[in-house]
Amino acid sequence: MRPATAPRKLLCAGVLGALLGGCAGEPATTGSPGPSDVLSAQEALVAGDLTGLEHAWETIPSVVRNDGSEDFVLEVDPVDDVVSVELTRLPIYLQGPSDLTLRDDGLGADRVAGDGIFSVGPFRFDPASPVSIPAHYESDPDSPAGLYALEIGELVMETAAGDPVEFIIPPQIGALDPDIPVAARRALSPKYRAASHLIEVRNARSESQRLLRGAGGDVAAMMRDMYEVVPDVFDFAVLSSTAHIERPGHASNFNAGVHSAVKINYTGIGRDPVDYSEAYYSRRLLAVTALDNLRRGWLSSNFVHEILHQWSAFLPFDLGMTDGAHYLPTTSAASLLGGMTWIDDGTGTFTLDCNSNGRGGASTASPLDLYMMGLIPASQVPPLRRHGGGLFDYCDLEIPSIEATVTIEQIQARLGVRTPGPATAQRDFHIAFIMEAHGRDLTDSELTFFNTLAEFATRPVPAGQPAPMLTHNWAPITRYFGNDTTWRTDIPDVPANPGAVTAGITINSSWDTGYCANVDVTNGRRFDIGAWEVVVDLQQSAVISSWSADVAVVGNEMTAASLPFNGQLDPGASTSFGFCANKTGAAWQPQVVSAAHR
């Protein structure tokens, strides 16, 4: 995984924090490449198990109505040597118990004594509070109305030796206006449910949080299960969780988002083509992105920053414009991946605009990002420049010196031409927002809150209205990329490819004392298989012969495994085996119990 670095002070609010990298996982710019919020799919698959080396908090539920009609409890699962946990600075807009010490004795809000999970509550919003909850998410009129996320105080923890242990991100609660109607949900399986724009996962491991922290997750396995019941129509999977995990002293705690590529099927962007499609059980999926809990992760600049990592900014480090995955803040990249806007004064000089498109926020994608996506030709990409001053030294001033310039021709000479280009590059994108409930179902308020955010992300911007700034808010992204791209987040209510190996029995012949049967085996998966196994309940019959399978019988159950010549099946392909049996009773008709690939 990524090397650890000494964490900097967290600066996540506003333009300053975004420019310094505290909101997206990368450290401040140094003289050499550092850790990144970009993971390869292979890294995501092989992250080591670090159980016991991390701690977590969760508000249960993570969202309540803001009129005081619903309660929530705070639960903390600290590192093993913590013996006391206390919540401090309870805000005025919340009502709760007078004693804010978290307990692990099975009393009060604590569910199980001695399980290592400390609890306190219940809490609820105070409808008579003198502090009003903002009308829009992150107090931004371009963000959805009627929902907000707020901190509920700070956690003070101590080990048995008296040493303090801290969370970097304090616990939060989502607030939902009572006028927002409950989102309908439909069951997909015991583990998966869906609303109109959200997939809900009942998951005890918080895979998205483990991906964020490199803490032993298995996102690929979760996605494989999901694709058994969800159609393969999504280009991006955006995961989040009701829980928040941290690893004490680890740089990954600063990650608000992480991007992991599943498939790169284009060239000329600085990344080698890869295809981990089968590991995720999807032919279409391009990437998995993890967002941190509530307002730490669910921010437009953070969300689109991670999506952009599918294509940008992977210029060679020695060109002096990136750290290998982000544009340096002193460049003219003007991207959510780094840099600021340089205004051409028309006389060969430039003015630095610190309040327009850049790492802290942007209303339109930069030309270099659009080129890397294959949406515009190289001729529309201006030179990339870097000044030699400090981050904000020249705000609204003429930049006195340009330290380096890189043209698109130089980039193409190193990386090759982006292929496919504007004529055939992908322009239609479908995003699946996936919310993990930590070992439980989402409540109606939680489902409605996150479904509303997911739907709003790709809501059309009315004609004549300027493209919103994507920053510390949650604004629609549909104008950001332009160039005839389309973006959607709906969860289709259509049957999924079951993704299963199936088998069916046909009785070929039958007589008084016996019968012969044929079993057809079909690969219904999206990928080929190398072997299969079918279990048959023989009922009141006994096998006397078989062909085209390795057959074993225990009691009245027959297991038939493929042979080398008929185990390999392409998607949709079928093969068969057969057997004959004696009838030992009236209920002799055989039935398929299960079929699976091996």
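As the structure is a prediction and not an experimental result, all values here were calculated from the model. (Residues numbered from 1 in each chain as written. Predicted model: local features only at pLDDT ≥ 70, side-chain atom pairs only at ≥ 80, totals over all residues. Heavy atoms only, no water.)

### Description of the state of the cysteines
The tally for this structure, following the rule as stated, stands at 2 disulfides. Note that cysteine 354 is cross-linked by a disulfide to cysteine 395, the S-S spacing being 1.9 Å. When the S-S torsion is -90°, as for the bridge of cysteine 354 with cysteine 395, the disulfide is left-handed. With cysteine 354 in the loop between strand 22 (350–353) and helix 8 (367–372) and cysteine 395 in the loop between strand 23 (384–387) and strand 24 (402–406), this residue pair connects regions lying 41 residues apart in the sequence. Note on cysteine 354: relative accessible area 8%, which makes it buried. Exposure remark for cysteine 395: the relative accessible area of 24% places this residue in the partly exposed category. (Disulfide = S-S within 2.5 Å. Helix = DSSP H or I, 4+ residues; strand = E, 2+ residues; numbered from the N terminus. Buried < 20%, exposed > 50% of the residue type's maximum accessible area, 1.4 Å probe, protein only.)

### A word on the sheet that holds strand 5 (residues 82–88)
The strand order across the open sheet formed by 3 strands is 5-9-10, and the pairing between neighbours is antiparallel. In the strand order of this sheet, the two ends are held by strand 5 and strand 10 (164–165), each with one partner. When strand 5 meets strand 9 (residues 154–159), the two strands line up antiparallel, connected through 6 bridges. The residue of strand 9 that forms the bridge with valine 85 is methionine 157. (Pairing = 2+ DSSP bridges.)

### Quick look at the confidence of the model for the protein
For the protein, per-residue confidence averages 89 on the pLDDT scale, and 91% of positions sit at 70 or higher. Of the regions scoring below 50 in pLDDT, residues 1–35 engages in 94 contacts with residues more than four places distant in sequence or in other chains. For residues 46–50, every residue scores under 50 in pLDDT, and the model assigns this stretch 11 contacts once sequence neighbours within four places are set aside. (pLDDT = per-residue confidence, 0-100. Contact = heavy atoms within 4.5 Å.)

### Examining the environment of proline 564
Along the chain, proline 564 turns up in the loop between strand 32 (557–561) and strand 33 (574–583). Classification of proline 564 by relative accessible area gives exposed; the value is 84%. When the C-alpha atoms of proline 564 and aspartate 110 are compared, they prove to be 56 Å apart, with 454 residues separating the residues in sequence.

### Points about the pattern of salt bridges
Across all of its chains, the model carries 22 salt bridges by this definition. For the salt bridge of aspartate 493 with arginine 186, the shortest nitrogen-to-oxygen distance reads 3.2 Å. Pair noted here: aspartate 493 is in the loop between strand 26 (486–488) and strand 27 (501–511) and arginine 186 is in strand 12 (residues 186–187), with a separation of 307 residues, a long-range link. The partly exposed category is assigned to arginine 186, whose relative accessible area is 21%. A salt bridge links aspartate 235 to arginine 284, with the shortest nitrogen-to-oxygen separation between them at 2.9 Å. Of this pair, aspartate 235 sits in the loop between helix 4 (219–226) and strand 15 (236–241) while arginine 284 sits in the loop between helix 5 (277–280) and strand 20 (287–291), and the two are 49 residues apart along the sequence. Assessed through its relative accessible area of 2%, aspartate 235 is described here as buried. (Salt bridge = Lys/Arg side-chain N within 4 Å of Asp/Glu carboxyl O.)

### Describing the side chain of serine 335
Among the secondary structure elements, serine 335 is positioned in the loop between helix 7 (300–308) and strand 21 (341–344). Within the structure, serine 335 has its side chain in polar contact with the backbone nitrogen of leucine 337 (distance 2.9 Å). Within the structure, the side chain of serine 335 is placed 2.6 Å from the side chain of aspartate 369, a separation counted as a polar contact. In contact with serine 335, other than residues within four places in its own chain, are Leu308, Tyr327, Gly358, Arg359, Ser366 and Asp369. (Polar contact = N/O pair within 3.5 Å; in protein donor to acceptor, adjacent residues only side chain to side chain.)

### Things to note about the packing of aromatic side chains
Using the criterion set out here, one finds 21 aromatic pairs in the structure. Judged by centre distance (6.0 Å) and plane angle (80°), the rings of tyrosine 515 and phenylalanine 579 are edge-to-face. Of this pair, tyrosine 515 sits in strand 28 (residues 514–523) while phenylalanine 579 is found in strand 33, placing the two residues 64 residues apart along the sequence. We note that tyrosine 515, like phenylalanine 579, is buried. With a centroid separation of 4.9 Å and an interplanar angle of 35°, the aromatic rings of tyrosine 515 and tryptophan 588 are classed as tilted. (Phe/Tyr/Trp six-rings, centres within 6.5 Å; stacked < 30°, edge-to-face > 60°.)

### Focus: the sheet that holds strand 29 (residues 532–537)
In spatial order, the strands read 31-32-29-34; together these 4 strands make up an open sheet with antiparallel pairing. Where the open sheet ends on each side, the last strands, each with one partner, are strand 31 (550–554) and strand 34 (591–597). If you compare each strand with its neighbour and ignore which way they point, the axes differ by 15° on average. Looking at chain direction, strand 31 and strand 32 are connected through 5 bridges and run antiparallel. Among the inter-strand pairings, aspartate 550 is bridged to a residue of strand 32, identified as alanine 561. (Axes fitted to C-alpha atoms, helices over the stretch in contact; angles between N-to-C directions.)

### A look at the nonpolar core
Counting residues in hydrophobic clusters, the biggest one holds 69 residues, and the most contacted among them are Phe303, Leu368, Phe433, Trp474 and Trp487. In this structure tryptophan 487 touches Phe236, Ile307, Trp311, Met373, Phe429, Ile431, Thr458, Ile477, Thr478 and Phe481, once residues within four positions along its chain are discounted. Core analysis: the second largest hydrophobic core is formed by 28 residues, Tyr192, Val201, Tyr227 and Val262 among them. (Core = buried A, V, L, I, M, F, W, Y, C linked by side-chain atoms within 4.5 Å.)

### Some thoughts on the pairing of strand 33
Across 9 bridges, strand 28 lies against strand 33 in antiparallel orientation. Looking at the pairing, aspartate 520 lines up with serine 576 of strand 33. Pairing analysis gives 6 bridges linking strand 30 (residues 541–547) to strand 33, with the strands arranged antiparallel. In the strand pairing of strand 33, serine 545 is matched with cysteine 580.

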